[in-house]
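Notes for the structure review
The lines below spell out each chain.
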Amino acid sequence: MPRITVSIEDELLASLDAYMARSGATNRSEAMRDLIRRSLTRDAPEEAECIGVVSYTLDLSTRDLGRRVPQSRHARHDQTVAALSVPVDHDTAVEVTVMRGAVGAVEDFANGLFSERGVRHGRLALIPVEGREAVHSHGHGAPHAHRHYKIRDGF
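Residues numbered from 1 in each chain as written. Predicted model: local features only at pLDDT ≥ 70, side-chain atom pairs only at ≥ 80, totals over all residues. Heavy atoms only, no water.

Here the focus is the domain arrangement of the chain. One widely used convention gives an interface's size as the accessible area the parts lose upon coming together. Splitting the chain by domain gives domain 1 (10–40) and domain 2 (49–126). Measuring from the centre of the C-alpha atoms in domain 1 to the corresponding centre in domain 2 gives 28 Å. (Domains from an automatic or database assignment.)

Okay, structure coming up:
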């Protein structure tokens with residue numbers, strides 16, 4: 001791995017050290033690599049494969065929102081990997097949806113969801129992956145084809 005030298009202001013270095021402590025990074029180089037990777041996901045090509053982690057709060061008192069959000073996930077059943085809803089109080093939930101597919105499609109789902117009245121604090125984290133077709137059996141079943149995903153360092 002190439003070594004580089006970076007000049008940085010004291011205040012920014014203090015912020016990097018604080019990030020390092022919060023993130024569990026073991027050194028400044030690891031923290032910088034993590035921050036650079038996160039920054040570069042913003043420029044991900046629309047056709048690149050990803051796993052998207054969509055998090056948001058949901059106001060369940062908003063008319064039909066508790067029905068519309070699950071329906072929007074079901075409409076993308078081929079992309080939806082998992083969904084979790086955590087009740088916060090009688091009217092609010094924190095939800096996390098894990099999607100996979102092309103960056104453009106995952107971003108479209110997230111942006112559509114975030115624009116709904118009653119959805120707040122929306123965030124999308126994109127994880128770059130490379131999908132490969134594989135044929136094998138699990139346990140004693142017959143071999144079948146499915147996709148395996150490998151995490152990549154960047155898009």
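On to the nonpolar core, then. Core analysis: the biggest nonpolar cluster contains 16 residues, and Val54, Tyr56, Leu58, Val69, Val103, Leu113 and Val119 have the highest contact counts within it. Element by element, the count of residues in this core is highest for helix H4 (residues 103–114), at five residues. Core analysis: the next-biggest nonpolar cluster, separate from the first, contains five residues, Tyr19, Met20, Ala25 and Ala31 among them. (Core = buried A, V, L, I, M, F, W, Y, C linked by side-chain atoms within 4.5 Å. Buried < 20%, exposed > 50% of the residue type's maximum accessible area, 1.4 Å probe, protein only. Helix = DSSP H or I, 4+ residues; strand = E, 2+ residues; numbered from the N terminus.)

Let us look at unusual backbone geometry. Positive phi outside glycine occurs at Asp64, with the angle close to 65°. Considering the arrangement of structural elements, one finds Asp64 in the loop between strand E1 (49–59) and helix H3 (65–74). The backbone of His121 shows a phi angle near 55°, a positive value even though the residue is not glycine. Note on placement: His121 falls in strand E4 (residues 119–136).

A few words now on helix H1 (residues 10–23). Compared with an ideal rise of 1.5 Å per residue, which puts 14 residues at 20 Å, H1 spans 20 Å between its outermost C-alpha atoms and is within 8% of the ideal. By the burial criterion, the buried members of H1 are Leu16, Tyr19 and Met20. What you see down the axis of H1 is that its buried residues fit within an arc of 105°, all on one side. More than 90 degrees from the buried face of H1, the exposed residues found are Asp10, Glu11, Ala21 and Arg22. Just downstream of H1 lies Gly24, where phi reads positive at about 85°. (Expected span 1.5 Å × (residues − 1). Arc of directions from axis to C-beta.)

One side chain can pair with another of opposite charge once the charged atoms of both are near each other. Applying the stated rule across the entire model yields eight salt bridges. The shortest N-O distance in the salt bridge between Asp64 and Arg67 comes to 3.4 Å. When its relative accessible area of 42% is taken as the criterion, Arg67 is described as partly exposed. Glu130 is the salt-bridge partner of Arg132, the closest N and O atoms lying 3.5 Å from each other. On the basis of relative accessible area, Glu130 is assigned to the partly exposed category, the value being 34%. Ionic contacts of the salt-bridge type, sharing partners, join the residues Glu49, Glu133 and Arg147 into one network. (Salt bridge = Lys/Arg side-chain N within 4 Å of Asp/Glu carboxyl O.)

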